[in-house]
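# Commentary on secondary and tertiary structure
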Amino acid sequence: GQSLEQPSEVTAVEGAIVQINCTYQTSGFYGLSWYQQHDGGAPTFLSYNALDGLEETGRFSSFLSRSDSYGYLLLQELQMKDSASYFCAVTGAGKSTFGDGTTLTVKP
Amino acid sequence: DTAVSQTPKYLVTQMGNDKSIKCEQNLGHDTMYWYKQDSKKFLKIMFSYNNKELIINETVPNRFSPKSPDKAHLNLHINSLELGDSAVYFCASSQRGTGFSEQYFGPGTRLTVT
């Protein structure tokens, strides 16, 4: 089976940097992806890591360590609009399994 | 152009009723999914179809029956609705079912069973 752990809540101030961690247990691992979901909205894709290392996309970066079964999403220069839920998802065995989500609250 | 669309957006119904949710994607993707998101925002996969064939059924009660008339459509029929079925149901699609391909989610259908 597949299981993921990520913090349930994170709070940070505007302009700060925040890191959301995700650890996983899975078989048939392809990669780790991240999705963002605003209240009342649908999940939207942010990033994907198949290999170890850091992937950067604008203010967001995602990291993966396959040997540690660990990854994180790094959000820089936080803005109020970044307040949302963030889900890590493991892809393997023909499907993606989502973590329980981390609610990020950005305060002024 | 809407990539993944679902109807209806809201559905309020009584216990015991039967209801359907429709999903369509115009992205040309091969794989479609149904997810259930409960009040705690946990997002759980229910079904996955690849080119109209069921490839994943995550121990969902058989009151839930998906149907894919073609690879652009995946509908969800629910019989004998129960209070615990209240949730937001998301349809999603991706280019392929194996390996990785980012998933595009529909806007969701908020189902309330009273």
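Please refer to the structure higher up on the page.
Structure report, in brief. (Residues numbered from 1 in each chain as written. Chains lettered and ligands numbered in written order. Predicted model: local features only at pLDDT ≥ 70, side-chain atom pairs only at ≥ 80, totals over all residues. Heavy atoms only, no water.)

### A few points about the overall build of chain B
Applicable threshold: Only DSSP runs of H or I with at least four residues qualify as helices, and only runs of E with at least two residues qualify as strands; both kinds are numbered from the N terminus onward. Each radius of gyration reported is based on C-alpha atoms, and the globular scaling rule is 2.2 Å times the count of residues to the power 0.38. Only protein chains enter the accessibility calculation, which uses a 1.4 Å probe; a residue is then buried when its area is under 20% of its type maximum, exposed when over 50%, and partly exposed in between. Residues are treated as being in contact if the distance between any of their heavy atoms lies within 4.5 Å. All accessible-area figures derive from a Shrake-Rupley calculation using a 1.4 Å probe, and residue coverage is judged against the displayed protein chains alone. In summary, the charge assignment counts Lys and Arg as positive and Asp and Glu as negative, without counting His or the chain termini. For the purpose of locating charges, the reference atoms are NZ of Lys, CZ of Arg, CG of Asp and CD of Glu.
When helices and strands are tallied, chain B shows 0 helices and 11 strands. Of the regular secondary structure in chain B, the N- to C-terminal order runs β-β-β-β-β-β-β-β-β-β-β. By the compact-globule yardstick of 13 Å for 114 residues, chain B fits well, its C-alpha radius of gyration being 13 Å. With the principal axes as the frame, chain B shows a C-alpha extent of 40 × 30 × 30 Å. A burial count over chain B gives 45% of its 114 residues as buried. The contacts of chain B with a sequence gap of at least 6 include a subset with a gap of at least 24, amounting to 55%. Per element, the accessible surface of chain B, about 5,700 Å² overall, is 48% carbon and sulfur. Each charge sign in chain B was given a centre, from 13 positive and 11 negative side chains, and these centres are 5 Å apart.

### Remarks on the pairing of strand 3 (residues 19-25) of chain B
Residues and elements named next belong to chain B. Defined as follows: Paired strands, as defined in this entry, are two strands with at least two bridges between them according to DSSP.
Alignment of strand 1 (residues 4-7) against strand 3, held across 4 bridges, turns out to be antiparallel. Within strand 3, the position partnered with Gln6 by the bridge is Cys23. With 4 bridges connecting them, strand 3 and strand 8 (residues 73-78) associate as antiparallel partners. In the strand pairing of strand 8, Lys19 is matched with Ile78.

### Here's the deal with the state of the cysteines
All names here are of chain A. Defined as follows: When the sulfur atoms of two cysteines come within 2.5 Å, that pair is taken as a disulfide.
Overall, the coordinates contain 2 disulfides over all chains when judged by the stated rule. Disulfide pairing places Cys22 opposite Cys88 at an S-S distance of 2.1 Å. The chirality of the disulfide connecting Cys22 with Cys88 is right-handed, given an S-S dihedral of about 75°. Separated by 66 residues along the polypeptide, Cys22 in strand 3 (residues 18-25) and Cys88 in strand 9 (residues 84-92) bring together distant segments of the chain. Of the two residues examined, Cys22 and Cys88, each falls in the buried class.

### Concerning the side chain of Thr13(B)
All names here are of chain B. The condition that has to hold: Throughout this description, a polar contact denotes any pair of N or O atoms lying within 3.5 Å of each other; where both atoms belong to protein, one of them has to be capable of donating a hydrogen while the other can accept it, and for residues adjacent in sequence the pair is counted only when both atoms sit in side chains.
Positionally, Thr13 belongs in strand 2 (residues 10-13). A distance of 2.9 Å separates a polar atom in the side chain of Thr13 from a polar atom in the side chain of Asn17. Setting aside its immediate chain neighbours within four residues, Thr13 contacts Lys19, Leu81, Leu111, Thr112, Val113 and Thr114.

### Focus on the interface of chain B and chain A
Filter applied, for reference: The buried area of a pairing is the accessible area, by a 1.4 Å probe, that goes missing from both parts when the two are put together, added over both. Basic side-chain nitrogens of Lys or Arg form a salt bridge, by our definition, when they fall within 4 Å of a carboxyl oxygen of Asp or Glu.
Between chain B and chain A, the residue contacts involve 18 residues of the former and 18 residues of the latter. For the pair chain B and chain A, the summed buried area comes to about 1,700 Å², and 57% of that belongs to carbon and sulfur atoms. For Lys41(B), the salt bridge is made with Asp39(A), and the minimal N-O distance between the two is 2.6 Å. Those elements that provide at least two residues to the side of chain B that touches chain A are strand 4 (31-37) and strand 5 (43-50) of chain B. The element contributing the most residues to the side of chain B that touches chain A is strand 5 of chain B, with 3 residues.

### A short note on the pairing of strand 11 (residues 109-113) of chain B
Residues and elements named next belong to chain B. Alternating positions in strand 11 separate cleanly, Thr109, Leu111 and Val113 being buried on one face and Arg110 and Thr112 remaining unburied on the opposite face. Here strand 2 runs beside strand 11; their pairing, made up of 4 bridges, is parallel. Note that in strand 11 the partner of Val12 across the bridge is Thr112. Where strand 9 (residues 87-94) and strand 11 come together, 3 bridges link them in antiparallel fashion. If you follow Ala87 over to strand 11, its bridge partner there is Leu111.

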